[in-house]
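Topology and contacts: notes
Single-letter residue listing:
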Amino acid sequence: MTLSKVDMDELMAPFPDKVVRNRKKHIVQKDCTESCQQIEANTRTVPGIITQRGCCYAGCKGVVVGPIKDMVTITHGPIGCAYYSWGTRRNKIRADDNTPAEDLYGAMCFSTDMQESDIVFGGEKKLAKMIDEIVGIFHPRAINICATCPIGLIGDDLGAVSKAAEERHGIQVLHYDCEGYKGVSQSAGHHIANNQIMEHIIGKGTDKVDGKYLVNFLGEYNIGGDAWEIEKLLEQIGYKIVSTLTGDSAYVNIRNMHQVHLNLVQCHRSINYIADMMETKYGTPWLKVNFIGIEATIESLRDIAQCFGDKDLIKRTEFVIEKELAAVTPEIERYKKICNGKSAFAFVGGSRSHHYQYLLRDLGMDVTVAGYEFAHRDDYEGREVIPTIKSDADSRNIPELHIEADQEMYEEPHIHLKMSKEKYDELVASGKLGNYEGMYPDMVDGGIMIDDANHYETEELIEIFKPDLIFTGIKDKYISHKMGVPSKQMHSYDYSGPYTCFRGAVTFAEDVANALSTPAWKMITPPWDKADIEGGE
């Protein structure tokens, strides 16, 4: 599919010159005759533009640490911040042998509910009292404390409060300096959360984990049960997931993550820091995977099996693939008749805009415009550009951990996978291990790659490309509705899901087909047609 050239000057005509110079760097139209084109990312949003981004606190509490089911997570700040991060995600959890029902806190919201007097006189005593009450009532295994904007401004010492609470109660109390204004988006919160989890939880467990093929699944948040679909599929083949980060994850399992043979990375942006740090500290290799889409799932399963190199494992992988394909192909083909030839936009998160292109292609659809809310250049262009990314004042706000190899627990990566050094080097050279090529290679020729899309640009691109369906977040889904284009909210799936693996693909295909064939959208006249209908008024 080849698309016509978009006049960027015309697209941005209403913007002031300074805004045009900024936004032009964030929008790239793919030209397959050129090498990978550079895009600007992870820089501050232009003031006044209606961005769809979240804040640093939302990335830390709302995305990464909030889903840990057996830790109480306290929002230290106004109740509005706590409500926002609690009410907008569907991180499903369940009890298991290690985590009984009384240790599940995912459906609860804990906040110090800072008032004006607390802001004036400080909130440390209020926070300490709340920790004491929580321990007395719930007896959690550990506690997280997430800071909000006012806390950073008034200077509450969360480190001192956490240390004192640990001494009083004998449990781990972690604090995250994730004030909303820190960094340019929720990506800063991911990084801060990764650092604390890596430094204070991973590697602290002493329980022996047994299994021939042990893996962690990183960057999966179990929206609508996604992680459970992946777990069922991998267990059919013979893998054991020690911990998922952080969908349906448990503190007791995260502590033992260092014992695995291989880390599987789904959402590159939110969790690549831990993948890199675990490789440095423990020698654990990591593989970028994608279980969204049938062909993507098949490729990921084969890549994982190749990493272990076990012939029986490879054979079981092919058997499971064949069995699952036989079950879902007739249903997918039925929905494909409705979806084939349609086009879509994807403005979702930090990796989903890339991942869902595979699943849409399975249905015969093309993504003509795609972008991230909080990505970095390597999410678009691939990890090879990381050495060229310059550090700025915002990135320096986030302390870097200086990780070194653990003298007692480090093993060479090829030993983790029980293979020769030559075979491991071959996998690295092929780009399988420790690599992510980014979204750019999978964009259609002429497709638009856009970073931090705002309200105006979204409307203009809808008018230019006239997509049949838009995949968005919680704040921008209604932009397309008034233009007669259905949208699918992909941060929490609009109460549907799961969408991963083979059976999740069928659920997704049904939802997409229903959206495309709903007659109500034909009853809405888009703005670009109103001038003809209303005589130019």
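Our structure's up above, just so we're on the same page.
An account of the accompanying structure is given in this report. Keep in mind it's a predicted model, so treat the numbers as computed, not measured.

The next subject is the overall build of the chain. Counting its regular elements, the chain contains 22 helices and 14 strands. Its C-alpha atoms give the chain a radius of gyration of 23 Å, near enough to 24 Å, the size a compact globule of 537 residues would have. Counting only C-alpha atoms and orienting by the principal axes, one finds that the chain spans roughly 75 × 65 × 45 Å. Within the span of the chain, comprising 537 residues, buried residues form 58% of the whole. Put simply, 76% of the contacts in the chain that link residues at least 6 apart link residues at least 24 apart. By element, 51% of the accessible surface of the chain is carried by carbon and sulfur atoms, the whole surface being about 22,700 Å². For the chain, the separation between the mean place of its 58 positive charges and that of its 81 negative charges on side chains is 2 Å.

Applying the stated criterion across every chain, the model contains 14 aromatic pairs. Where Phe-345 meets Phe-465, the ring centres are 6.2 Å apart and the plane angle is 75 degrees; that geometry is what we call edge-to-face. Of this pair, Phe-345 sits in strand S10 (residues 343–347) while Phe-465 sits in helix H19 (residues 455–465); the two residues are 120 residues apart in sequence, bridging distant segments of the chain. Judged by its relative accessible area of 0%, Phe-345 is buried. Aromatic rings pair up to connect Tyr-356, Phe-471, Tyr-493, Tyr-499 and Phe-508 into one cluster. Over the ring of Tyr-440 we find Lys-30; its NZ or CZ atom is 5.0 Å from the centre of that ring. The ring of Tyr-358 carries Arg-361 above its face, with NZ or CZ at 5.0 Å from the centroid.

Residue Thr-246 follows Leu-245 across a cis peptide bond; omega there is -5 degrees. Locating Thr-246 in the fold gives a position in strand S7 (residues 240–246). The omega torsion across Gly-497 and Pro-498 is 0 degrees, close enough to zero to call that bond cis. Turning to its location among the elements, Pro-498 is positioned in the loop between strand S14 (487–489) and helix H21 (501–517). At Asp-494, a residue that is not glycine, the phi angle is positive and equals roughly 50 degrees. Following the sequence through the fold, Asp-494 ends up in the loop between S14 and H21.

Before going further, it helps to spend a moment on the sheet that holds strand S2 (residues 71–76). The strand order S3-S2-S4-S5 describes an open sheet built from four strands, whose pairing is parallel. The sheet is open, and its two borders are formed by strand S3 (110–111) and strand S5 (172–176), each paired with just one other strand. Here two bridges tie S2 to S3, and the two strands are oriented parallel to one another. Bridged to Ile-74 within S3 is Phe-110.

Topologically, His-414 is positioned in helix H17 (residues 413–416). Looking at His-414, the relative accessible area reads 15%, which means it is buried.

Here the focus is the packing of helix H13 (residues 294–308) against H21. For the pair H13 and H21, interaxial distance at closest approach is 9 Å and the crossing angle is 170 degrees. Relative to H21, the element H13 is oriented roughly antiparallel. Contacts between H13 and H21 involve Ile-294, Thr-297, Ile-298 and Leu-301 from the former and Cys-501, Phe-502 and Ala-505 from the latter. Considering only residue class, the contact of H13 with H21 consists of six nonpolar, one polar and no charged.

As a further point, take the state of the cysteines. Inspection of the entire model under this criterion finds zero disulfides. Not engaged in a disulfide, the cysteine Cys-178 finds its nearest cysteine sulfur in Cys-60; these two sulfurs lie 3.8 Å apart. For Cys-178, a relative accessible area of 0% gives the class buried. Free of any disulfide, Cys-339 has its nearest neighbouring cysteine sulfur in Cys-501, separated by 20 Å.

In the contact formed by helix H10 (residues 226–237) and H21, the axes pass within 8 Å of each other and the chain directions differ by 145 degrees. Together, Glu-229, Ile-230 and Leu-233 of H10 and Cys-501, Phe-502, Arg-503 and Gly-504 of H21 make up the contact between the two elements. Its residues placed into classes, the contact of H10 with H21 shows four nonpolar, one polar and two charged.

Moving on, we get to the pairing of strand S6 (residues 214–220). The buried count for S6 comes to seven of seven residues, which makes it a mostly enclosed element. Pairing analysis gives six bridges linking S6 to S7, with the strands arranged parallel. Considered in S7, the bridge of Phe-217 is made with Thr-244. For the crossover that starts at S6, traverses H10 and ends in the parallel S7, the hand is right-handed. Bridge count for S6 against strand S8 (residues 262–265) is four bridges, and the pairing is parallel. Within S8, the position partnered with Leu-218 by the bridge is Val-265.

Cut-offs and rules
Residues numbered from 1 in each chain as written. Predicted model: local features only at pLDDT ≥ 70, side-chain atom pairs only at ≥ 80, totals over all residues. Heavy atoms only, no water. Helix = DSSP H or I, 4+ residues; strand = E, 2+ residues; numbered from the N terminus. Rg over C-alpha atoms; globule rule 2.2 N^0.38 Å. Buried < 20%, exposed > 50% of the residue type's maximum accessible area, 1.4 Å probe, protein only. Contact = heavy atoms within 4.5 Å. Areas by Shrake-Rupley, 256 points an atom, 1.4 Å probe, with all protein chains shown as cover. Lys, Arg positive; Asp, Glu negative; His and termini not counted. Charge placed at Lys NZ, Arg CZ, Asp CG, Glu CD. Phe/Tyr/Trp six-rings, centres within 6.5 Å; stacked < 30°, edge-to-face > 60°. Lys NZ or Arg CZ within 6 Å of the ring centre and 35° of its normal. Pairing = 2+ DSSP bridges. Axes fitted to C-alpha atoms, helices over the stretch in contact; angles between N-to-C directions. Parallel < 35°, antiparallel > 145°, perpendicular 65-115°, else oblique. Nonpolar A, V, L, I, M, F, W, Y, C, P; charged D, E, K, R; others polar. Disulfide = S-S within 2.5 Å. Right-handed = clockwise from strand over helix to strand, strands pointing away.

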